[in-house]
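# Breakdown of the fold
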Amino acid sequence: MQSLNSFLFGEETCFAIHGYPQCPYYQKAVQLGKNIDKNNKNIKIENKECSREEWKEYLEKETVGLGHKARYHTTCPLVIEGCTEDTKSFVGGYVEFLNFSKKNKLIKPKN
């Protein structure tokens, strides 16, 4: 499974940030993704957008197969780690993505 662990050993890892453009937390997650991408050459960030009206249905489709926690995720954005269908795992929303990024040192601390 290609994940953050493989990133630590020099392989590529990926994050997909799903959301609708009007959501301020989606915009924060996109900005965080840009910072991660800029500071980590082995990490790919992909932003996937839909309309606010489509969000609920879109979310249901995107969380299939991601486990119990993902099934109960109802907010925007949705962040998924993994470069292929079989390596995808649920990260959470913006706050979980931020905490995950700090914990795994994907972003540089502010001075």
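Here, the structure is the one placed above.
The model shown is predicted, which means the values in this text are computed figures rather than measured ones.

### What to know about helix 5 (residues 94-103)
- Taken as a whole, helix 5 has its buried residues at Tyr-94, Phe-97, Leu-98, Phe-100 and Ser-101. One side of helix 5 carries all its buried residues, which in axial view fall inside an arc of 165°.

### Notes on the layout of surface pockets
- Of the volumes computed, that of the second largest pocket is approximately 160 Å³.
- Lining the second largest pocket, in full, are Cys-14, Phe-15, Ala-16, Lys-44, Ile-45, Glu-46, Lys-48, Ile-80, Gly-82, Cys-83, Thr-84 and Lys-88.
- Sorting the residues of the lining of the second largest pocket by element identifies strand 1 (13-19) and strand 2 (43-49) as the ones contributing at least two each.
- Looking at the lining of the second largest pocket element by element, the count peaks at four residues for strand 2.

### Concerning the pairing of strand 3 (residues 78-81)
- The side-chain alternation of strand 3 yields two buried faces, one formed by Leu-78 and Ile-80 and the other by Val-79 and Glu-81.
- Direction of pairing for strand 1 relative to strand 3: antiparallel, over a ladder of four bridges. Residue pairing across strands places Ile-17 opposite Val-79, the latter belonging to strand 3.
- Here strand 3 runs beside strand 4 (residues 89-92); their pairing, made up of three bridges, is antiparallel.

Conventions and cut-offs
Every chain's residues receive numbers from 1 upward, in the order its sequence appears when written. The predicted origin of the model limits local features to residues at a pLDDT of at least 70 and limits the giving and counting of side-chain atom pairs to 80 or more, whereas totals for whole chains, interfaces and linings rest on all residues. Heavy atoms throughout the structure, all of them, feed into the side-chain values; hydrogens and water do not. A simple rule labels every residue: compare its accessible area, found with a 1.4 Å probe on the protein chains alone, to the largest value its type can have, and call it buried under 20%, exposed over 50%, or partly exposed in between. Numbering goes from the N terminus for both helices and strands, where a helix is a DSSP run of H or I of at least four residues and a strand is a run of E of at least two. It is the directions from the helix axis to the C-beta atoms that the arc portrays. For cavity detection a 1 Å grid was placed over the protein atoms alone, and a set of points counts as a cavity when a 1.4 Å probe fits there but cannot get out; an open set counts as a pocket when protein lies on both sides within 12 Å along at least five of seven lines, with lining residues being those that have an atom within 4 Å of a point. Grid points are joined across faces, edges and corners, and a volume is the space filled by probe spheres set on the points. Two strands form a pair only when DSSP identifies at least two bridges running between them.

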